[in-house]
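# Chain and residue survey
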4 protein chains.
Amino acid sequence: MSHNTFGHLFRVTTFGESHGPAIGCVIDGCPPLIPVSEAEIQVFLDRRRPGRSRHTSQRREADKVKILSGVFDNGEGRQVTTGTPIALVIGNTDQRPKDYGEIKDKFRPGHADFTYEEKYGIRDYRGGGRQSARETAMRVAAGALARNVVPYMRVRGALIQLGPHRIERERWDWGEVDKNPFFCPDPQAAKHWEGYLDQIRKAGSSCGAVIEVVIEGVPAGLGAPVYAKLDQDLASALMSINAVKGVEIGAGFEAAALTGEENADEMRMKRGKPVFLSNKAGGILGGISTGQDIVARFAVKPTSSILSPRRTVDRAGRNTEIVTKGRHDPCVGIRAVPVGEAMAACVIADHYLRHRAQMGRGGGDLS
Amino acid sequence: MSHNTFGHLFRVTTFGESHGPAIGCVIDGCPPLIPVSEAEIQVFLDRRRPGRSRHTSQRREADKVKILSGVFDNGEGRQVTTGTPIALVIGNTDQRPKDYGEIKDKFRPGHADFTYEEKYGIRDYRGGGRQSARETAMRVAAGALARNVVPYMRVRGALIQLGPHRIERERWDWGEVDKNPFFCPDPQAAKHWEGYLDQIRKAGSSCGAVIEVVIEGVPAGLGAPVYAKLDQDLASALMSINAVKGVEIGAGFEAAALTGEENADEMRMKRGKPVFLSNKAGGILGGISTGQDIVARFAVKPTSSILSPRRTVDRAGRNTEIVTKGRHDPCVGIRAVPVGEAMAACVIADHYLRHRAQMGRGGGDLS
Amino acid sequence: MSHNTFGHLFRVTTFGESHGPAIGCVIDGCPPLIPVSEAEIQVFLDRRRPGRSRHTSQRREADKVKILSGVFDNGEGRQVTTGTPIALVIGNTDQRPKDYGEIKDKFRPGHADFTYEEKYGIRDYRGGGRQSARETAMRVAAGALARNVVPYMRVRGALIQLGPHRIERERWDWGEVDKNPFFCPDPQAAKHWEGYLDQIRKAGSSCGAVIEVVIEGVPAGLGAPVYAKLDQDLASALMSINAVKGVEIGAGFEAAALTGEENADEMRMKRGKPVFLSNKAGGILGGISTGQDIVARFAVKPTSSILSPRRTVDRAGRNTEIVTKGRHDPCVGIRAVPVGEAMAACVIADHYLRHRAQMGRGGGDLS
Amino acid sequence: MSHNTFGHLFRVTTFGESHGPAIGCVIDGCPPLIPVSEAEIQVFLDRRRPGRSRHTSQRREADKVKILSGVFDNGEGRQVTTGTPIALVIGNTDQRPKDYGEIKDKFRPGHADFTYEEKYGIRDYRGGGRQSARETAMRVAAGALARNVVPYMRVRGALIQLGPHRIERERWDWGEVDKNPFFCPDPQAAKHWEGYLDQIRKAGSSCGAVIEVVIEGVPAGLGAPVYAKLDQDLASALMSINAVKGVEIGAGFEAAALTGEENADEMRMKRGKPVFLSNKAGGILGGISTGQDIVARFAVKPTSSILSPRRTVDRAGRNTEIVTKGRHDPCVGIRAVPVGEAMAACVIADHYLRHRAQMGRGGGDLS
């Protein structure tokens, strides 16, 4: 039982505060001989890095990852895991000494300042300390490794709603996702969002978002009844991302309004294999993967750091107001896309190992 | 790491299949001297029991719970926990010998028949075996105990949407919840739902639902960063309930469409204590309770067992059709209300113990 | 984290008190399709059952095990596991109503009466409640299943010291173990022990013992650095048995007196495979199995329930004396032999599944 | 479930290889407001550091610890924990580029070279990689923090046997322990050992040792039945230390030769409190602390790295010999003293938090 670890067999423990010397993680339980290098992890970190467009925070963090352990030459010049814990660190470079006065003593609405103070009686207030979304960089790093653990798995995410504006599903094009600053699969929506978000940012305001993650190549049989359900662990993993307020699988909340006939994913044999004729289930039945694409969505609340003054109280118990200055993302949902992908990858990797444990090579469709 | 256990310090392990000799659970980690008796648990089990109205399954299960261990006389004639594991069992009484032929060989769409078969290569097909929602009786039993672990906590649930029909929030009256067969807090909606569900049932169809759970009396400070967030564990617990496809906290998915100004729960001092002026956060900030009501919602898909024939395949790999006869709930969401309450109670009890571990009596607001 | 569970992937949770309605366990994580039946488990339970000779307790417990879940017909008339939790119960039959007065209020030296009272403020004093060695019946039952999980594994135990009397290793004959009431592999020692233990028993006294467990057929590669060492988990499992005060692996405490030259298990190729020329290591190097026999020993203290009056205090804080009457084993170490075997089997089964998780079929010598 | 983590609520995850860039650990679950600084941890690290006398390895490792996270100013200039994960690292400074040829391809008897290779199919052979006792530096660092978690606790260790030479218990003087290079409490024995170990070292040989750890100030009530016994967790923790082959509590293996009368720790009231008249139990009954001193011993095998050539095989499956050159400890047991203390401190800290979780302030003797 750990507060800062996720996963059971593919375990990731993160540490570090926003303005301390470094953030980092330890990945334990990873199989040996999985290819990994700093450069390969960096590719994913760079997708999450701030300052890639005017639509994300202008903070400058190089986010250069360093591998401290668990990796060795496989004898052919390739860096691979050895089966021992892999420690990764990222130095914090953009910690300019500044006056933390306001944030030190006032509780920012929507932030965890008040609850950390209530819980611990002390908090590292510099840049949000441990509550900072900077921690998610380590999730992305761990996810980069997780992707290599499950053969044939492909994990992709996309922003499908920015503020109140949804994409059109019929225009979905995965090829567009990396061509706009929103990870948006609908080029028309992306265009429209540019103007919308400029307006939000200039007003010192913020907005929320909805992200969809799709995982292809997951064999049927991963997950387990009744408290190790794949959807349950995805819900837990995605809800653990900063600012997330909702998670759904497949048809999700819309399933409530369907009839049993509409919701049933019927089956047929196709080239000697059973296939489903639809995917309302989002690739999971009874907590176990069906072999279809796994589809999960999560909602991110608007960034709590805004320029409009908000009423709050301070540590001394006085009424006051606060304006959260700084270089904030007008929509934290955008950079949550690679984070959601990474969490999903880690969950599948974990269940892949769990399945191997119980089934060995004799059972399931991994054999 | 366990497939059939939930909770970390207040741990519940369930066992049993729908048509085996019994279902049961073991609750470990419960503090000693907590009052509990078979009669007190039975009250909650009776709320979940089938056959209480024409709107739920007409199966007859007495669901009589028996305590096997962990409870002793406190010296004053009161049954209390002793700090050792509490085992509960419920005998399965309504297992009429019948022909399981169809369900034995065909995969019912929306059920876990196919995925269990893929995973394990064997399954107890009688009544759904381990995938049966009958398992949730043990969650309700464990929840009855969890309610007594956290002082001042009150956990209540309500059905807020049946099929496509939502309640009106302004008509919400907790006093109505136990006066209609739907656990509906809006008497007008309940009236309307009667006709709607009669129609669904007579057509051999089914519908989904949305449930809201409200937890009062949770002190500020429960939960923990960054992978032991209270909302994360609630999401996991609620998503683990059969047929659940979505979970949200506070404003949930609607938060995505809000601005930062709209979403901020501002604070003011009131009678010497900090209070929030709204509760978009659903009582949780940074994964830690704020002291406000905790508000969670979850969506249940329509019952997969319906009378309309659905296309499917059988174990031999042949195309076929199936009609799921039997005494099924037209909306499994109704009986999910006491289950959702129980899961929420267990999560809070677990975090209450976790908080005590790290804080002792010197810290937090439990002192 | 659980007080009443052992194992990580092959997890056993036990419950029940000595004089409650039943004791039982839930085994979670067991692979599917493992053959198991009540009759097969019973064979092992019968070895641990009291009253098999005049040298063990004359209590009468039928110890009849009942399977409540997790087992199903494999389609060919064989009962096998399904991959879901296996619950086992044994009813307590020999609970004659009696006066628990003395044991209720006085702390028996060497027993856990005082510490339970200090910890919990309440205890089920009837027959020792949860501290009773009756709990070990469930370990033996779980061990019976664990033996079938690891192919080719054979787990055997023997009593090698009774009170101060050791066996002679050169007379070791596994065939003798089940031919005397001590599980003693040295027929001459067994003969001698009869007289010794008669004398101890008639004097109302008791004595301790040392047990050796040997596990054959464990492939090289099980276990893991640095906190999942196979010897560490064996030490934990054996030390958790009632009355155990010491555990050692291979040369054990004697290794302290050896030189590096004496202690080195040298290696040589033999029929194309590396073999060790000795086994001072007890089959484990760096926490990982070498492929040799695994050898563990544990020391059991003398039964604390004796007829000589001992000084103690009571719950009211008064000096007093106590004589522990009843049908006690003069040497609890004897019946600890099948318990030690069972714990060892469970540890290996757990690590076998852990190894499969990390290695899959590509690595290690399980492929 | 983790291979590189120990503890449940006070959790320590270590990482790093002997000759990688750094070793480190993450401590999670530590209460907030516990005083800690690099200097305070360093004191304990320095006791374990090599090269402090001619009797330990002449390797030069500064072993300078650096805190990366989880510590903050308490507002009064004191560094304290914040309740978030504490990451510690120690850079590896003495990694001279050298020819690892022999150790790369040959399996050193007594080392884990063969078993790592069998398990993982790859290993970082430089300096033993992850199997190196260098990892124990992080245990000592974590133990330094654990000591501050439990009020009034004092953990001390001593070498009581070097090779075949035992100390005399009646000469035990804790004040002597830090006055000789052996952590020996008996000044006469220490004198004698100097000559003995000089001889061993000059011969290129090695010897084993026995260490005793005594923990004072542990309140009654820590530990739990039946698989969270305090002695069980101590056994696991001590057995996880490199080269340990046996663990015992209180009278340990000698208890086997005692009668029930001799082994009973009788009780009497003394100044209104129950006290024990002896401590054969080593401070633990039924797995729960009695309030007496906790006494544990562990045996360390002789250093496997010796200068006499030993027969072995290489990776290619050829018979060969190996001589392990380098700067090795003639008796690794000496530097195991601070490691044993640290592990014991961590186990007690863990159970202290576990006790608080289940009992709160209402129960046990912590109130």
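Up top you'll find the structure we're talking about.
Since this is a predicted model, take the numbers as computed values, not measurements.

## With respect to the interface of chain C and chain A
- Counting from both sides, the interface comprises 15 residues of chain C and, opposite them, 15 residues of chain A.
- For the chain C and chain A pair, buried surface summed over both sides reaches about 1200 Å², with 57% attributable to carbon and sulfur atoms.
- The interface formed by chain C and chain A includes 0 salt bridges.
- Inspection of the chain C/chain A interface yields 8 residue pairs in polar contact (both at pLDDT 80 or more).
- Looking at the side of chain C that touches chain A, its residues break down into 8 nonpolar, 5 polar and 2 charged.

## Focus: helix 8 (residues 332-359) of chain A
All names here are of chain A.
- The end-to-end C-alpha distance of helix 8, which contains 28 residues, comes to 40 Å, matching closely the 40 Å that a straight helix rising 1.5 Å per residue would cover.
- The sharpest bend along helix 8 reaches about 35 degrees and sits at Pro338.
- A large share of helix 8 lies buried, amounting to 27 of its 28 residues.
- Backbone geometry just after helix 8 places Gly360 at a positive phi near 60 degrees.

## Here we look at the sheet that holds strand 8 (residues 154-162) of chain D
- Spatial ordering of the open sheet is given by 9(C)-8(C)-10(C)-16(C)-11(C)-11(D)-16(D)-10(D)-8(D)-9(D), a layout of 10 strands whose pairing is antiparallel. Only two strands of the sheet have a single partner each, and these edge strands are strand 9 (165-166) of chain C together with strand 9 (165-166) of chain D.
- With 7 bridges connecting them, strand 10 (residues 209-216) of chain C and strand 16 (residues 294-300) of chain C associate as antiparallel partners. By the bridge assignment for strand 16 of chain C, C:Ala209 is matched with C:Val300.
- Across the sheet, helix 8 (residues 332-359) of chain C touches strand 8 (154-162), strand 10 and strand 16 of chain C, and the angle it forms with strand 8 of chain C is around 150 degrees.
- Across the face of the sheet, helix 6 (residues 230-239) of chain D comes into contact with strand 11 (244-249) of chain C together with strand 10 (209-216), strand 11 (244-249) and strand 16 (294-300) of chain D while running at roughly 160 degrees to strand 11 of chain D.

## Notes on unusual backbone geometry
- For the peptide bond that leads from A:Pro225 to A:Val226, omega is -20 degrees, which places it in the cis range.
- By the secondary structure assignment, A:Val226 is in the loop between strand 10 (209-216) and helix 6 (230-239).
- For A:Tyr152, which is not glycine, the phi torsion reads 70 degrees and is therefore positive.
- A relative accessible area of 77% means that A:Tyr152 is categorised as exposed.
- Although it is not a glycine, C:Leu33 sits at a positive phi angle of roughly 70 degrees.
- Within the element layout of this structure, C:Leu33 appears in the loop between strand 3 (22-28) and helix 1 (38-48).
- Accessibility expressed as a relative area gives 46% for C:Leu33, which makes it partly exposed.

## Details of the pairing of strand 7 (residues 86-91) of chain C
Residues and elements named next belong to chain C.
- With 5 of 6 residues buried, strand 7 lies mostly within the body of the structure.
- Across 6 bridges, strand 3 lies against strand 7 in antiparallel orientation. By the bridge assignment, Val26 is partnered in strand 7 with Ala87.

## What to know about the environment of B:Arg139
- By secondary structure assignment, the location of B:Arg139 is in helix 4 (residues 136-149).
- In this structure the C-alpha to C-alpha distance between B:Arg139 and B:Thr56, which are 83 residues apart in sequence, comes to 19 Å.
- The residues contacting B:Arg139, other than those within four sequence positions of it, are A:Val226, A:Tyr227, A:Lys229, B:Ala237, B:Ser240, B:Ile241, B:Asn242, B:Val339, B:Ala342 and B:Met343.

## Considering the nonpolar core
- Of all hydrophobic cores here, the largest spans 360 residues; its most connected members are A:Phe10, B:Phe10, C:Phe10 and D:Phe10.
- Non-local contacts of C:Phe10, meaning those with residues more than four positions away in its chain, are made with C:Ile27, C:Asp28, C:Cys30, C:Ala142, C:Leu145, C:Ala146, C:Val149, C:Cys346, C:Ala349, C:Asp350 and C:Leu353.

Analysis parameters
Residues numbered from 1 in each chain as written. Chains lettered and ligands numbered in written order. Predicted model: local features only at pLDDT ≥ 70, side-chain atom pairs only at ≥ 80, totals over all residues. Heavy atoms only, no water. Contact = heavy atoms within 4.5 Å. Buried area = accessible area lost by both parts, 1.4 Å probe. Salt bridge = Lys/Arg side-chain N within 4 Å of Asp/Glu carboxyl O. Polar contact = N/O pair within 3.5 Å; in protein donor to acceptor, adjacent residues only side chain to side chain. Nonpolar A, V, L, I, M, F, W, Y, C, P; charged D, E, K, R; others polar. Helix = DSSP H or I, 4+ residues; strand = E, 2+ residues; numbered from the N terminus. Expected span 1.5 Å × (residues − 1). Bend = angle between axes of the 7 residues up to and from the residue. Buried < 20%, exposed > 50% of the residue type's maximum accessible area, 1.4 Å probe, protein only. Pairing = 2+ DSSP bridges. Axes fitted to C-alpha atoms, helices over the stretch in contact; angles between N-to-C directions. Core = buried A, V, L, I, M, F, W, Y, C linked by side-chain atoms within 4.5 Å.

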